[in-house]
Each structure stands twice: as C-alpha cells, then as structure tokens.
Amino acid sequence: MRSRVVVTGLGCITSLGSSSQQLWNRLLRGESGIGRATLFDTTNFPTRIAAEVRDWSIADAGEDPRRWSHSPRQTLFAVAAAKQAFADAGLGDVARDPSRLGVYLGAGDVYQDFGQFVKILERSMRHGEIDLGEYAKAAFELLNPADELEREPHMVASHVASLFDAQGPNVSSFTACAASSQAIGESAETIRRGEADIMIAGGAHSLIHTFGVTGLSLLTALSRHNDEPCRASRPFDRDRDGFVLGEGAGILILEGLEHARARGAQIYGEINGYGASADAYRVTDIHPEGRGAVACMQRALDDARLNPADIDYINAHGTSTLLNDKVETIAVKQVFGKAAYRTPISSTKSMTGHLLAAAGVTELIICLMALRDGALPPTINYETPDHECDLDYVPNEARDARCRHILSNSFGFGGQNVSLVVSRAA
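Residues numbered from 1 in each chain as written. Predicted model: local features only at pLDDT ≥ 70, side-chain atom pairs only at ≥ 80, totals over all residues. Heavy atoms only, no water.

(A) Representation of the packing of aromatic side chains within the structure. Within this structure, the stated rule accounts for five aromatic pairs. With a centroid separation of 4.1 Å and an interplanar angle of 25 degrees, the aromatic rings of Phe86 and Phe164 are classed as stacked. Here Phe164 lies in helix H6 (residues 155-164) and Phe86 lies in helix H2 (residues 73-88), a separation of 78 residues in the sequence. The two residues Phe86 and Phe164 agree in class, both being buried. Ring plane angle 10 degrees and centroid distance 4.1 Å describe the contact between Phe236 and Tyr393, whose orientation is recorded as stacked. Of the two residues, Phe236 sits in the loop between helix H8 (210-218) and strand S9 (247-256) while Tyr393 sits in the loop between strand S13 (375-376) and strand S14 (399-400), which places them 157 residues apart along the sequence. Each member of the pair, Phe236 together with Tyr393, is buried. Here a set of aromatic residues connected by ring pairs shows up, and it is made of Phe236, Tyr382 and Tyr393. (Phe/Tyr/Trp six-rings, centres within 6.5 Å; stacked < 30°, edge-to-face > 60°. Helix = DSSP H or I, 4+ residues; strand = E, 2+ residues; numbered from the N terminus. Buried < 20%, exposed > 50% of the residue type's maximum accessible area, 1.4 Å probe, protein only.)

So, in structure tokens, the structure goes:
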C-alpha cells in the first residue's frame, strides 16, 4: 500500500491578495484582480492590461528589501509565499532533519535588459565583426553579475531552500503553465519514494514585462479587451479573445500522512492523484482533439483509483483563449462521458489572470479552500454561451457544494500537461 501525502501549509501572493484566505474571499465574491498594466509603459502595445500584484513589498513578509535588491519579482513572491506556508504548517519550532526537507518549484523566465546587450554589441563591433575581447570588456562593464545570476529560474528554489535549511531534494522545473502542478505531483512522489519527509512545493512567475508581453502579443494569445480590464478574461464565453497575464506565487507544504499526524498538523487535503502527459504535437498549438489533456486527466483518476463520477468539481485550465477552452471541453467530455454534464467546472483565471508557472499551484490552493469550505468559485464574465463549450461552468456566482474529490488541470504551452486530484483526508 502506497504512503499517503497531505497538504499541511498554504501560502500565496496574487493580484487578489497576499494570503490564501484573502484570495479565497475575493474569489467567492467574484472580484477581478485585472487592471491597467503599470509595470512598464504599454502605450505602444496591443494589450495594456494585466493582473499585477499591487501595493505589496517584500518588507510585508518581514524581509529586508536590501537583501533582495537584485532579485526579480518571482523570487520575492516565492520567498513571501514560502514563509507563509511554512508558518501555516506550524513548522517554525518543529525539530526536523534538514536532509529530509526538500524543495520542488516551478519558475519562469524573467526580464532581460536587451538594451544593455545592444550596447555591448555596438561597442564590440569592428569592421562588421564582433571583437570578442571588446565584447567581454563591455559586458563586464555594463552587466551586473548579481543581477544576471538572479535571473536564472533555478535561483527561486535555491533561495527558498536557503531560507529553511532544506538540504533534501531540490528541483526547479519550467514546463510552462504546468510547472507548479508538476512540482506538486513530483513532490508527492518524492515523499512516497521515501526520499523526503516534507516538501516545499509550488511555483512563482512574473512575465509582465516588455519582452514577455511582446512575445505573447505576437502569438495573439492575449486579450485586447483594454477598455474594461475586469471583463477581459472570459473563459468559455463565446466572445473570449485571449488570456490576461497575471503574476505571483503559491507554495504548499506536503508531508506524509503519518508524519503530519505524528506532529498534530492541520491537514487541508490529500494529494490523491497525479497524471502527466505531452501532446507531442506542435510547439505553439495544443492537439485539436485534446489527446494530452485526456491522457493526463485519465492518469490522475487512475492514480487516485477514482471514477469520473467521483469527482465533485473541476478547476479548469480555462485560459480564455478560443482553442484552449474548446479543446479542454472536448477533453473533459471524452474522459467524463455523461458525468461531464453533471460535474461543475470553473476557471478562476477569469479573476486572477494567468499566473503561468505559478498558475497550477494557485489553483490547487483554491481547490483546497473549496474542499474546506464547501463552496465553488465562479467563472466570471460568462455572458454569452458558446455552443462548443456547453458544460456547467459555474457562471458568475459562487455556489455551495460539498466536495470530496476535486480535479485541477494545468495545460502548458508546448503541450505539457498535468492533472491533480486533491481529496478530503479521511
């Protein structure tokens, strides 16, 4: 019999609040965290909105901002969320073996100052060719080594490990929008294999910068509903026109059930099923029949030893793009059959925006709150039904519903897919 893995601590930083409870309260009220983008000048961009973390500082997490002056936003968010989760799990004064405490985080690419690289090239060009000696000299003069180091995605997991003296397994993944869900699933497997007692799992990301928005705009992936930011993200609605970038971090503390019970820890729920797959189709398109989505949902159900009818709620990937929402609906129908029409499904990205590498963990936190409180968050801005998206999307208002098992989907750019099942810990 395999060991059981439970969640004992939660932490998050999002556009809707700097704690799990703040996020949950605002979601149930159907509030949106989307507004005008302020982190850079969007005047010449087709998309000028985002779900930014506003009015927040690393000092709010009890950290000296000078210590983190070279760190990008995703690192700051992860540090704050990890401190919340660790405290929430009651681990501050618990005696533990540091070699049995691990970290697995999803993180993303961060802003690169390409203007500096242009200056370096300009200074190193000699008769149409790059003088490598001059290139190196200019690079040393113009680039800050500390800044360059902190831009590496693995630094997020490195800093979190240092904060808590976590000397166990340490992994950083960047499987796009599936990254933090992968981190949770693989962390649970790490505990089941006996390689750790406790895992700090989740992810962080902020792509709200000129390079990130430029790339996604060229892909026509972003909503251009600039006049009414709060109504821009409209998953499954006929008039959806793309997703809205969000940012933030979410962190879970995972433990073996017996380990958690032995220390009298609170338990939010159990990581009961984990399924991963790849579309193996195209870099920029998901498979039109949802074969990767079907595979990971089915694997998660099989891993949890559950039937589709056992799932009480699905937190959808639900990005608000034309293709994703259509294909996710197709995939749910393939896996759930007739039960698809009886199973509530909603997209909280309608309120939080898309947190990319931090999306999956944030949405699993929402699922754990739903288990705890017997309520389902809505899909806001659902106004005009789409005949190709014909399931119960919990439109516009939260709903009371006691849940025992919840499925959460994360489908990453490039066809990387993860589904998780979280259950009440009986």
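(B) Structural detail: the nonpolar core. One finds Ile184, Leu252 and Leu254 to be the most contacted residues of the largest nonpolar core, which totals 41 residues. No other element matches the nine residues that helix H13 (residues 359-373) contributes to this core. In this view, Leu254 contacts Val5, Val6, Val7, Ile184, Ser187, Ala188, Ile191, Asp197, Ile198, Met199, Ala201 and Ile271; residues no more than four positions away in its chain are not counted. Counting 33 residues, the second-largest nonpolar core is a separate cluster that includes Ile13, Ala166, Ile198 and Ala249. (Core = buried A, V, L, I, M, F, W, Y, C linked by side-chain atoms within 4.5 Å. Contact = heavy atoms within 4.5 Å.)

(C) Looking closely at the pairing of S9. Taking burial as the measure, the ten residues of S9 include ten buried ones, the bulk of the element. Going residue by residue along S9, you find Glu247, Ala249, Ile251, Ile253 and Glu255 tucked away on one face and Gly248, Gly250, Leu252, Leu254 and Gly256 tucked away on the opposite face as well. Sheet topology places strand S1 (residues 5-13) next to S9; eight bridges connect them, and they run antiparallel. Bridge pairing in S9 links Val7 to Leu254. Note that strand S8 (residues 198-206) and S9 share nine bridges and pair antiparallel. Paired with Ile198 across the bridge in S9 is Glu255. (Pairing = 2+ DSSP bridges.)

(D) The pattern of salt bridges, seen in detail. Using the criterion set out here, one finds 30 salt bridges in the structure. Between Arg123 and Glu141 there is a salt bridge, with the nearest N and O atoms lying 2.3 Å from each other. With Arg123 in helix H3 (residues 114-124) and Glu141 in helix H4 (residues 132-142), this pair connects stretches of sequence that are 18 residues apart. The exposure class of Arg123 is partly exposed, given its relative accessible area of 38%. The partly exposed category is assigned to Glu141, whose relative accessible area is 47%. A single salt-bridge network, built from bridges that share partners, covers Glu228, Arg231, Arg234, Asp237 and Glu383. (Salt bridge = Lys/Arg side-chain N within 4 Å of Asp/Glu carboxyl O.)

(E) Region of interest: the sheet that holds strand S7 (residues 170-173). The mixed open sheet is built from ten strands, whose spatial order is S7-S4-S8-S9-S1-S10-S16-S15-S11-S12. A strand with exactly one partner marks an edge of an open sheet, and here the two such strands are S7 and strand S12 (345-346). Against the sheet, H2 touches S1, strand S4 (101-107), S8 and S9, its axis set at about 135 degrees to S1. (Axes fitted to C-alpha atoms, helices over the stretch in contact; angles between N-to-C directions.)

(F) Expanded view of the side chain of His209. Structurally, His209 can be placed in the loop between S8 and H8. For His209, a relative accessible area of 8% puts it in the buried group. At a separation of 3.0 Å, a polar atom in the side chain of His209 contacts the main-chain amide nitrogen of Gly212. For His209, the contacting residues outside a window of four places in its chain are Phe40, Val110 and Tyr111. (Polar contact = N/O pair within 3.5 Å; in protein donor to acceptor, adjacent residues only side chain to side chain.)

(G) View of the packing of helix H7 (residues 179-192) against H13. Following both chains from N to C, one finds H7 and H13 inclined at 65 degrees, their axes separated by 5 Å at the closest point. Considering the angle they form, H7 stands roughly perpendicular to H13. Of the residues in H13, those touching H7 at Ser180, Ser181 and Ile184 are Ala359, Gly360, Val361 and Leu364. Counted by class, the contact of H7 with H13 contains four nonpolar, three polar and no charged residues. (Parallel < 35°, antiparallel > 145°, perpendicular 65-115°, else oblique. Nonpolar A, V, L, I, M, F, W, Y, C, P; charged D, E, K, R; others polar.)

(H) Region of interest: unusual backbone geometry. The backbone phi angle of Asp55 is positive, close to 50 degrees, even though this residue is not glycine. Inspection of the secondary structure assignment puts Asp55 in the loop between strand S3 (49-50) and H2. In this structure, Ala280 is a non-glycine residue whose phi angle is positive, near 50 degrees. On the secondary structure map, Ala280 appears in the loop between strand S10 (269-278) and helix H10 (291-304).

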